[in-house]
Amino acid sequence: MAPTSQVLTKHSSNVRTIILNRPQQLNALTLEMVSQLLELLNAYEEDPSVKLVIMKGEGRAFCAGGDVAALANGSWKQGAVFFSRAYTIDYLVATYAKTQVSLIRGIAMGGGAALAIHGRFRVVTDNTLFAMPETALGSFPDVGSSYYLSRLPGFFGEYVGLTGARLDGAEMLACGLATHFVPLEKLSLLEDALCKANTGDPEIINNIIHDFSNKNPKLKEKSHYFRLKTINSCFSRRTVEEIISALEEEEADRNMDDWISWTIQALKKASPTSLKISLRSIRAGRLQGVRQCLIREYRIFCTILQGKVCKDFFEGCRALLLDKDKNPKWEPSKLELVSKQMVDSYFAPLDDEDWEDLKLPVRPNLTSYAISKL
Amino acid sequence: MDRVNFRTQILTRHLQTHQTTTDLLNTAPCVSYTPPELSEPSPNFDTTSLRKLLDGQSVEDIDYIFNLMIQSNLFCPRERGGKVFIAPDFNQSMEQQREMTMRRIDYLREKGAFDGWFDRKGPEGDLWRFAQAESVSVFDHSLGIKLGVHFFLWGGAIRFMGTKRHHDKWYKPTETYEVKGCFAMTELGHGSNVRGIETITRYDASTGEFIINTPCESAQKYWIGGAANHATHTVVFSQLEISGVNQGVHAFIAQIRDENGNVCPNIRIADCGHKIGLNGVDNGRIWFDNLRIPRENLLNSVADVSPDGQYLSAIKDPDQRFAAFLAPLTSGRVTIAASSMNTTKIGLATAIRYSLSRRAFSIRPNEPEVLLLDYPSHQRRLLPLLAKTYALSFASNYLKMIYVKRTPESIKTVHVVSSALKAVLTWHCMRTLQECREACGGQGIKTENHVGHLKSEYDVQLTFEGDNNVLMQQISKALLAEFLAAKKRNKPIRGLGLEHLNKPAPIIPTHLTSSTLRTTQFQTDIFCLRERDLLHRFVTEVSQYQSQGESKEHIFTVTYQTAEDLGRAFSDRLILQTYLDVEATVPEGPLKSVLGLMRSMYTTIVLEEDASFLRYGYLSTDNAAVVRKEVLKLCSELRPHALSLVSSFGIPDAFLAPIAFNWVDANAWSSV
């Protein structure tokens, strides 16, 4: 493989390691990478000599997500191609016939996190940093996250998806996003051990990871996860407006609570349209399978890219990724200005002759491995 | 064999590691689970659009309640075969089940699910309230009934029978559950015949109080949901006697427990005990021992008593006064009809999904066993019920819409339609559950698989808020009255969909063919013909008895056969009409085709199953044979859509049962 390749692979008898290799950009996914990953995953699944697939990132990050800044500039149809491939990968991973392990060092955000979370074994470590930061960017948690966020305990998924809260490895393990926590210094030893074991038996793999892992990593003192009770009582509300007012009531009850103020701020900074789409999408996801989730999210993202209802995604990319003034001007600017009809339109098929719903491959393996380990 | 050796061998086998078991499984050919999603064709129509036709604008409200239930441990989530299911723990004692129902309601209330219950106005408000009640019933009938008694019966009585002073006083504490309401109408001695109840209330002008009394054992209030454990207040139905004159049945508010849950003085309460189902509802019995309540507690929207004891009512006719009293019961029938459809959907989705993954017997040696739903006989058992469920669900939506848009002029229609559909839909529910239970074989017996257990949970629907047989006879009485009134006025008959009676009788072709059976023209014609003919027969029969000088009451007791046939005929024609109305809103395309197919299945199965078509000669025996053949054909045409049609029900996987999914994993040794 060419040395400049954005995806590297390593062969070790029956084990294949896929390495995301764009370290300067924190391994953010390009169309090229997505196409390559799709090809590799399909090939490994068909190749009878492959028993185990490991995924990891080169450098400081696992993967920072899709290279959305590039997408915001192109036509919506180009974007649609990128997302249909990216979502197909998520679907492949969620239903993968071979045993698959993701080693999540550093940042795993948005589409990058999804690559790992849909898989069977999600190993996090001391410096893992997870977030679904889309609402701050005028977009919404996609890549099948309406499936896994909605399956977190209580209404933690709504919280993580709407606020873009950052979770560390211990928090990911606690809420079920990760299956194992392995200390940073042992991570490469684990990788070696997995290669040496040369097996695809999930039970053996589980035992090996288990041996290297810290079963009870301590949650930091200010962990979001300690707030689950408040999160459940506020983020279970019917609408975004009601969520915010529930938080404000909580804030009034206990003055000077940094966490609540931060949460309210995060929601107020996010695109109002994004928040409403995100909440509806996560709640729909709770009642659906991963396939239906991806199909719905594809509809939503194509509508966003089409830019007919609202242009917040382009504004968000401008303010946070291109001009970096961090001061997006959302339109509509307030939650109450985002009508039900506007939100509805994101969930309907696109009004465009060339457009069609996401076509996902028929998969031989539909077992629900992607269910969070709670 | 040496005894010790033998025991050792057995023990060793018990202790064999999991690993060995797996190896054994790998080497021996074994029945494995294939999800129907893989083996079945993908839907050729948009399943979300079809669900929208079922749940309309309430989809989001329903899904919100589903979300709340799925995310709480109070709803007993358990993992089976890699999926999480929620269902009440029916292995708990009656007392525990009752406490759990109350705790679930508290949870939903805390989440704000009932906020603004009484403030939401107009049709939207009514639809929202229905959506809340129906969606909780998908989880557990007890939860739906407990909620329904409090909000629809107690709350509905305050709303419809009370006036501003009652609204101001009771709405808020009812919404917040500071007051837990129940509804004391039925007595040991009187159920459907509400006008015969024996509880008696008199007025004491010297203190400005009513005195409620239970004069005899048969007057004890019976089956009062909420009364045994939790309710603090009740609406009491009682005869009102003013200065020795009985003014008929009236409703009063009485407190039965204090804020600490102690039963109030002059009240006695006993438990109805363990039931065949619905044990999460605390049904109780109440006796009133000359209980004194303030004059203001009379629900006085229709009639009042002045402080000095004068009886005042704007409606002079006691019959009309009584009819006005029963308004709150109509919303109950609407929810019962709608909930029975949800239960039917759970049963069918489970049985059909199972029949698409379970195999039995090979047709030829060395061939794989055949999927249950590939047997024509299995198709015949389940697919007509599936089509019928769609037809009846559309009808239930129609009922909901005429209820929420009701006007004083349409009240009579709402009453007749709600009676008809409550009976037909709940009967269909029980019948479907029984068929689904049998179609799941032994697995249908397990409580965790729902279909069998739901029968006992839902059986009571056929009785409460109007016994189905009584309701069916009432429809015929109403139709008769309409017919005679039109004749008397010498005007064409209008309303209840009876306009077809003004036209000449439709002609049914002498020789039916498959294509004729599928035309809307024929389907409408034969349903109208049956209704028209039966109505005429009923009119003739009644007038014959009348000419013999029989009393009205006696006539209706002896003409029940025709009355019940006519009730069916009216309901079936109404259901077909609402189906056609729904179909007309759908643009040409695959969804419309599948709807057309199901309509033909619905009408054809009614023709095949209802004896009246042969009994009265609407079908010749030759034509009945054509109908029977057509059922088979329709089954095989509907077969490829079976999975998509149950998926479109929109019942989330978590509310279905392990046998609807990977029942091999769900029962694997590793999950023990």
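Conventions adopted
- Residue positions are given per chain, counting from 1 as you read along its sequence in written order.
- Chain letters and ligand numbers both follow the written order, the letters beginning at A and the numbers at 1.
- Per-residue local features are limited, in this predicted model, to residues with pLDDT of at least 70; the limit for side-chain atom pairs, both in listing and counting, is 80 or more; totals at the level of whole chains, interfaces and linings are taken over all residues.
- Think of the side-chain values as coming from all heavy atoms in the structure, minus any hydrogens and water.
- Secondary structure elements are defined from DSSP: runs of H or I of at least 4 residues count as helices, runs of E of at least 2 residues count as strands, and each element is numbered from the N terminus.
- We call two residues contacting when some pair of their heavy atoms lies within 4.5 Å.
- With residues, only the protein chains shown are counted as cover, and all accessible areas are computed by Shrake-Rupley using a 1.4 Å probe.
- Asp and Glu count as negative and Lys and Arg as positive, but His and the ends of the chain are not part of the count.
- Lysine's charge is taken at NZ, arginine's at CZ, aspartate's at CG and glutamate's at CD.
- The term salt bridge refers to a pairing of a side-chain nitrogen on Lys or Arg with a carboxyl oxygen on Asp or Glu at a separation within 4 Å.
- Partly exposed describes any residue whose relative accessible area lies between the buried limit of under 20% and the exposed limit of over 50%, with all areas from a 1.4 Å probe on protein chains only and scaled to the type maximum.
- UniProt positions are given in the numbering used here, feature names are shortened, and annotations may be inferred rather than shown by experiment.
- Pairing between strands requires that DSSP locate at least two bridges from one strand to the other.
- All axes here are fitted lines through C-alpha atoms, helices being fitted over the stretch that makes contact, and every angle between N-to-C directions spans 0 to 180 degrees.
- Throughout this description, any angle smaller than 35 degrees is read as roughly parallel, any larger than 145 degrees as roughly antiparallel, any in the 65 to 115 degree range as roughly perpendicular, and the remainder as oblique.
- Should the near helix be turned counterclockwise from the far one by less than a right angle, the crossing is left-handed, whereas a clockwise turn marks it as right-handed.
- Charged residues are taken to be Asp, Glu, Lys and Arg, nonpolar residues to be Ala, Val, Leu, Ile, Met, Phe, Trp, Tyr, Cys and Pro, and polar residues to be all remaining types, Gly included.
- Side-chain rings of Phe, Tyr and Trp (the six-membered ring for Trp) are treated as a pair once their centres are within 6.5 Å; stacked means planes under 30 degrees apart, edge-to-face means over 60, and tilted covers the remaining angles.
- For a ring to carry a charge above it, either NZ of a lysine or CZ of an arginine must fall within 6 Å of the ring centroid while also lying within 35 degrees of the normal to the ring plane.
- Segmentation of the chain into domains, including their bounds, is taken from an automatic or database domain assignment.
- In short, buried area is how much 1.4 Å probe accessible area vanishes from two parts on joining, totalled over both.
- As used in this structure description, the phrase polar contact means that two N or O atoms lie within 3.5 Å; if the pair is within protein, one of them must be able to donate a hydrogen and the other to accept it, and residues adjacent in sequence are counted only when both atoms belong to side chains.

Caption draft 1: Examining the overall build of chain A more closely. Helix and strand counts for chain A come out as 16 helices and nine strands. Projecting the C-alpha coordinates of chain A onto the three principal axes gives extents of approximately 60 × 50 × 40 Å. Taking the contacts inside chain A whose residues are at least 6 apart along the sequence as the reference set, 76% of them involve residues at least 24 apart. Total accessible area on chain A is roughly 15000 Å²; 52% of this is exposed by carbon and sulfur atoms. Each charge class in chain A can be summarised by its mean position, and for the 45 positive and 44 negative side chains these summaries are 3 Å apart.

Caption draft 2: How the structure looks around the pattern of salt bridges. Taken as a whole, this structure holds 59 salt bridges over all chains when the rule is applied. Arginine 286 of chain A serves as the salt-bridge partner of glutamate 158 of chain A, at 2.8 Å between the closest nitrogen and oxygen. Of the two residues, glutamate 158 of chain A is situated in helix 6 (residues 156-163) and arginine 286 of chain A in the loop between helix 13 (272-285) and helix 14 (290-306); the sequence distance between them amounts to 128 residues. The burial state of glutamate 158 of chain A is the same as that of arginine 286 of chain A; both residues are buried. Arginine 530 of chain B is the partner of aspartate 610 of chain B in a salt bridge, and the nearest nitrogen-oxygen pair spans 2.9 Å. Note that aspartate 610 of chain B is positioned in the loop between helix 20 (590-609) and helix 21 (612-615) and arginine 530 of chain B in helix 17 (residues 520-547), a separation of 80 residues in sequence. Because the salt bridges share partners, they merge into one network encompassing Arg380, Lys388, Arg431, Glu608, Glu609 and Arg628 of chain B.

Caption draft 3: Examining the UniProt feature "domain: Acyl-CoA oxidase C-terminal" (unreviewed entry) in chain B more closely. UniProt's feature table lists "domain: Acyl-CoA oxidase C-terminal" (unreviewed entry) at residues 524-656 of chain B, given in the numbering used throughout. Here residues 524-656 of chain B is 78% helix and 0% strand, with 36 Å between the C-alpha atoms at its ends.

Caption draft 4: View of the pairing of strand 8 (residues 245-255) of chain B. All names here are of chain B. Here strand 7 (residues 233-242) runs beside strand 8; their pairing, made up of nine bridges, is antiparallel. Pairing of phenylalanine 237 across the sheet is with alanine 251, part of strand 8. What sits between the antiparallel neighbours strand 7 and strand 8 is a turn of two residues, in which serine 243 has the positive phi angle 45 degrees.

Caption draft 5: The arrangement of the packing of helix 13 of chain A against helix 14 of chain A in detail. Residue and element names in this part refer to chain A. Here helix 13 crosses helix 14 at 160 degrees, and the two axes come no closer than 10 Å. When the axes of helix 13 and helix 14 are compared, the pair comes out roughly antiparallel. As for how helix 13 packs across helix 14, the hand of that crossing is right-handed. In contact with Ile277, Ser281, Ala284 and Gly285 of helix 13, helix 14 contributes Cys293, Arg296, Glu297 and Ile300. Tallied by class, residues from the contact of helix 13 with helix 14 come to four nonpolar, two polar and two charged.

Caption draft 6: View of the packing of aromatic side chains. The tally for this structure, following the rule as stated, stands at 42 aromatic pairs over all chains. One aromatic cluster is present, built from ring pairs that chain together Phe114, Trp117, Phe118, Trp128, Phe130, Phe151, Phe152, Tyr171, Tyr177 and Tyr403 of chain B. In this structure, arginine 280 of chain A packs its charged tip against the face of phenylalanine 347 of chain A, placed 4.8 Å from the ring centre. The ring of tyrosine 403 of chain B is capped by arginine 406 of chain B, whose NZ or CZ atom sits 4.1 Å from the centre of that ring.

Caption draft 7: Fine view of the pairing of strand 6 (residues 221-225) of chain B. Residues and elements named next belong to chain B. For strand 6, a buried count of four out of five residues is recorded, marking the element as mostly surrounded by other parts of the structure. In this sheet, strand 10 (residues 283-288) lies alongside strand 6 in antiparallel orientation, the contact comprising three bridges. Bridging across to strand 10, glycine 225 finds its partner in asparagine 283.

Caption draft 8: Inspection of the domain arrangement of chain B at higher detail. All names here are of chain B. The domains assigned to chain B are domain 1 (181-319) and domain 2 (329-359 + 366-494 + 501-654). Placing the centre of domain 1 and that of domain 2 at their C-alpha centroids yields a distance of 37 Å. Counting from both sides, the interface comprises six residues of domain 1 and, opposite them, seven residues of domain 2. Between domain 1 and domain 2 lies a buried interface of about 490 Å² when both sides are counted; carbon and sulfur atoms form 64% of it. Of all residues in domain 1, Ser192, Ile276 and Leu278 bury the most surface against domain 2, accounting for 71% of the area lost on that side. At the junction of domain 1 with domain 2, the criterion picks out zero salt bridges. Our enumeration of links across domain 1 and domain 2 arrives at two residue pairs in polar contact (both at pLDDT 80 or more). Residues of the side of domain 1 that touches domain 2, tallied by class, amount to four nonpolar, two polar and no charged.

Caption draft 9: A look at the sheet that holds strand 6 of chain B. Residues and elements named next belong to chain B. The antiparallel open sheet is built from three strands, whose spatial order is 6-10-9. Of all the strands in the sheet, just strand 6 and strand 9 (267-271) have a single pairing partner and so form its edges. Across the sheet, the mean angle from the axis of one strand to that of its neighbour is 35 degrees, orientation sign disregarded. Note: strand 9 against strand 10, five bridges, orientation antiparallel. Residue alanine 270 lies in a different strand from strand 10, and its bridge partner there is arginine 285.

Caption draft 10: View of the sheet that holds strand 2 (residues 15-20) of chain A. Residues and elements named next belong to chain A. On the basis of which strands lie adjacent, the open sheet formed by six strands has the order 1-2-3-4-6-9 and mixed pairing. The open sheet has two free edges, formed respectively by strand 1 (7-12) and strand 9 (180-181), since each of these has just one partner strand. Pairing between strand 1 and strand 2: six bridges, direction antiparallel. Pairing of valine 7 across the sheet is with leucine 20, part of strand 2. On the sheet, helix 9 (residues 202-212) packs against strand 3 (52-57), strand 4 (99-104), strand 6 (121-124) and strand 9 and is oriented at approximately 10 degrees with respect to strand 6.

Caption draft 11: Molecular detail of the UniProt feature "active site" (unreviewed entry) in chain B. Residues and elements named next belong to chain B. Per the UniProt record, the feature "active site" (unreviewed entry) sits at Glu465. In this structure, glutamate 465 sits in the loop between helix 14 (451-458) and helix 15 (468-489). Look at glutamate 465 and you get buried, because its relative accessible area is 18%. Dropping the residues within four chain positions of it, glutamate 465 is found in contact with Leu153, Leu329, Gly332, Arg333, Ile336, Lys422 and Leu471.

Caption draft 12: Geometry of the interface of chain A and chain B. Each side of the interface is counted separately: chain A has 26 residues, and chain B has 28 residues. At the boundary of chain A with chain B, total buried surface from both sides reaches about 2000 Å², with 49% on carbon and sulfur atoms. The tally of links between chain A and chain B comes to two salt bridges. We note a salt bridge from lysine 340 of chain A to glutamate 60 of chain B, for which the minimum N-O separation is 3.6 Å. Linking chain A with chain B are 14 residue pairs in polar contact (both at pLDDT 80 or more). Every element with two or more residues in the side of chain A that touches chain B is listed here: helix 10 (228-235), helix 13 and helix 16 (340-347) of chain A. Per-class residue counts for the side of chain A that touches chain B are eight nonpolar, six polar and 12 charged.

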